[in-house]
Amino acid sequence: MKEKLVENFRSNGKLLLTGEYLVLDGAIALAVPTRFGQKMAVTTSMNTDTVSRLEWESYDEKGNLWFKAAFSIPGFDIIASSGGAESVVETLRNLFLQIKQQSPGFLMQPVSVHIKTELEFARNWGLGSSSTLIANLALWSKTDPYQLLFSTFGGSGYDIACALHNQPILYRNRLNEIWTQPVEFQPPFADQLYFVYSGKKQNSREAINYYRDNESDKYSLIKEFNNITIAVSKTQSLRNFEGLLDYHEALLSALLHFKTAKTLYFPDYWGSIKSLGAWGGDFVLATSSKSKNETYSYFKSKGYEIIIPYAEMVLGG
């Protein structure tokens, strides 16, 4: 008779409100976990009568199966895969191998494992399908999620912090020393903040290369962006908040040699527009002094149909 263990995990999605790019070099960033995340159910069967293997199924936010695979245990050789790009199954195998590096005894006993993941947001929204997956795998395998991220996808790690926190945070990664501080970011003007899905994909590596190749004084820039981030996290005034966002956008525009999202797509908009994360893609943050209906009408007239109010997007905000 098989003994079954069922475990359930869930991690939050992420958005980076301030500090993009410079967070890679130790700047303090303001990041928010989203109400949308990813769930993972793991069923482990103790059974010595069959060959040990791991079956994987991934479902999108509509409940559609978009990827499945099978791996041998304990070596994680690929037995089969379907759906998604070939890189998906290779990435998943690499994650398992990195888990084994951290925890050599992981899944060494004769078992059969079935894993089902379920996204709560569209895969193209950029809210952290990879970071939520890594966080869930780390919770299950009892390994370090930051180390798992750095050994596979790379990045600053703010997305992992969001996956594991249930309220907005200040985040810094200085030489792989992680610092997080939960903050009460629920300003009185929160109902005048909206996240608008741009539907445009930016090559983040290209922007990162621009940033890396820039000869500017990074120390002075980081200090300036830290000041902006702290001020943003504390301000109680919409007007002051907009001024800080506009200043942040102007500084990064000059640094990256990229035009701002407002200049490119919303030059006639009355409020502030701020890119989030990789410039030019996924969501932007919009402020509005006008009614919800007027704000929605403006963006929809421009062809942007996905507009999410702050309270419906941000967990603990």
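Anything mentioned here points back to the structure above.
Just so it is clear, the structure is predicted and the values come from calculations on it, not from any experiment.

Caption draft 1: Highlighting unusual backbone geometry. The omega torsion of the bond from Ile73 to Pro74 falls at 15°, within 30 degrees of zero and hence cis. Structurally, Pro74 is set in the loop between β4 (65-72) and β5 (78-82). Phi angles above zero are rare outside glycine, and Asn176 is one such case at about 65°. As for its position among the elements, Asn176 is in the loop between β7 (169-174) and β8 (177-182).

Caption draft 2: Here's a closer look at the nonpolar core. Counting 38 residues, the largest nonpolar core has Leu54, Trp56, Phe96, Leu137 and Trp140 as the members making the most contacts within it. Ignoring sequence-local partners within four residues, the contact set of Trp56 consists of Met40, Phe67, Lys68, Ala69, Phe71, Leu92, Phe96, Ile115, Thr117, Leu133 and Leu137. Of all hydrophobic cores here, the second largest spans 31 residues; its members include Ile28, Leu119, Leu238 and Leu285.

Caption draft 3: Seen up close, the pairing of strand β2 (residues 29-46). As judged from the 14 bridges shared by strand β1 (residues 3-16) and β2, these two strands associate in the antiparallel manner. The residue of β2 that forms the bridge with Glu7 is Val42. Summarising the sheet, β2 and β7 pair through 3 bridges and their orientation is antiparallel. Within β7, the position partnered with Ala31 by the bridge is Ile169.

Caption draft 4: Structural view of the environment of Tyr269. Structurally, Tyr269 is set in the loop between α8 (261-265) and β10 (273-275). With 29 residues separating them in the primary sequence, Tyr269 and Tyr298 have C-alpha atoms 8.0 Å apart. When sequence neighbours within four positions are dropped, the list of residues in contact with Tyr269 reads Lys262, Ala286, Thr287, Ser288, Thr295, Tyr298 and Phe299. Here Thr287 takes part through its backbone oxygen, which lies 2.6 Å from a polar atom of the side chain of Tyr269.

Caption draft 5: Representation of the sheet that holds strand β9 (residues 193-197) in the model. Pairing is antiparallel in the open sheet, where 4 strands are placed in the order β10-β11-β9-β12. Strand pairing shows two members of the sheet lacking a second neighbour, β10 and β12 (307-309), which therefore form its edges. Strand-to-strand twist of the sheet, defined as the mean angle between neighbouring strand axes without regard to direction, takes the value 25°. When β9 meets strand β11 (residues 283-287), the two strands line up antiparallel, connected through 5 bridges. Of the residues in β11, the one forming a bridge with Val196 is Val284. Across the sheet, helix α7 (residues 238-256) is in contact with β9, β10 and β11; its angle to β11 comes to roughly 140°. Across the sheet, helix α9 (residues 292-301) lies against β9, β10, β11 and β12, angled at about 155° from β12, the strand it touches most.

Caption draft 6: Looking closely at the pairing of β8. As paired elements, β7 and β8 share 6 bridges and run antiparallel to each other. Within β8, the residue paired with Asn173 across the bridge is Ile178. Where β7 hands over to β8, the hairpin turn is made up of 2 residues, of which Leu175 adopts a positive phi near 55°.

Caption draft 7: Up close: the environment of Leu315. Residue placement: Leu315 occurs in the segment after α10 (310-313). C-alpha of Leu315 to C-alpha of Asn166: the two residues are 149 residues apart in sequence and 6.0 Å apart in space. Residues in contact with Leu315, not counting those within four places in the same chain, are Asn12, Pro33, Thr34, Arg35, His165, Asn166, Gln167 and Pro168.

Caption draft 8: Expanded view of the pattern of salt bridges. Overall, the coordinates contain 5 salt bridges when judged by the stated rule. Taking the shortest distance from any N to any O, the salt bridge between Arg93 and Asp77 comes out at 3.2 Å. Residue Arg93 is located in helix α1 (residues 86-102), and its partner Asp77 is located in the loop between β4 and β5; the two are separated by 16 residues in the primary sequence. A salt bridge links Asp268 to Lys302; its shortest N-O distance comes to 3.2 Å. Of this pair, Asp268 sits in the loop between α8 and β10 while Lys302 sits in the loop between α9 and β12; the two residues are 34 residues apart in sequence, bridging distant segments of the chain.

So, how was this worked out
- As a convention, each chain's residues are numbered from 1 in the sequence order in which they are written.
- Totals for whole chains, interfaces and linings use all residues, but because this is a predicted model, local features are given only for residues with pLDDT of at least 70 and pairs of side-chain atoms are given and counted only at 80 or more.
- Values shown for side chains rest on all heavy atoms present in the structure; no hydrogens or waters enter the calculation.
- Under the scheme used here, helices are H or I runs from DSSP no shorter than 4 residues and strands are E runs no shorter than 2 residues, and both carry numbers assigned from the N terminus.
- Buried residues of nine kinds, namely Ala, Val, Leu, Ile, Met, Phe, Trp, Tyr and Cys, make up a nonpolar core once their side-chain atoms join them within 4.5 Å.
- Buried means the residue's accessible area, taken with a 1.4 Å probe over protein chains only, is under 20% of the maximum for its type, while exposed means over 50%, and partly exposed covers the values in between.
- By definition in these notes, contact holds between two residues if any of their heavy atoms fall within 4.5 Å.
- Being paired, for any two strands, means DSSP has found at least two bridges between them.
- N or O atoms within 3.5 Å of each other form a polar contact, as long as, within protein, one can give a hydrogen and the other can take it, and as long as residues adjacent in sequence are counted only when both atoms are side-chain atoms.
- Angles shown run from 0 to 180 degrees and are taken between the N-to-C directions of axes, each axis being a line fitted to C-alpha atoms and, for helices, limited to the stretch in contact.
- In what follows, salt bridge is the name for a side-chain nitrogen of Lys or Arg lying within 4 Å of a carboxyl oxygen of Asp or Glu.

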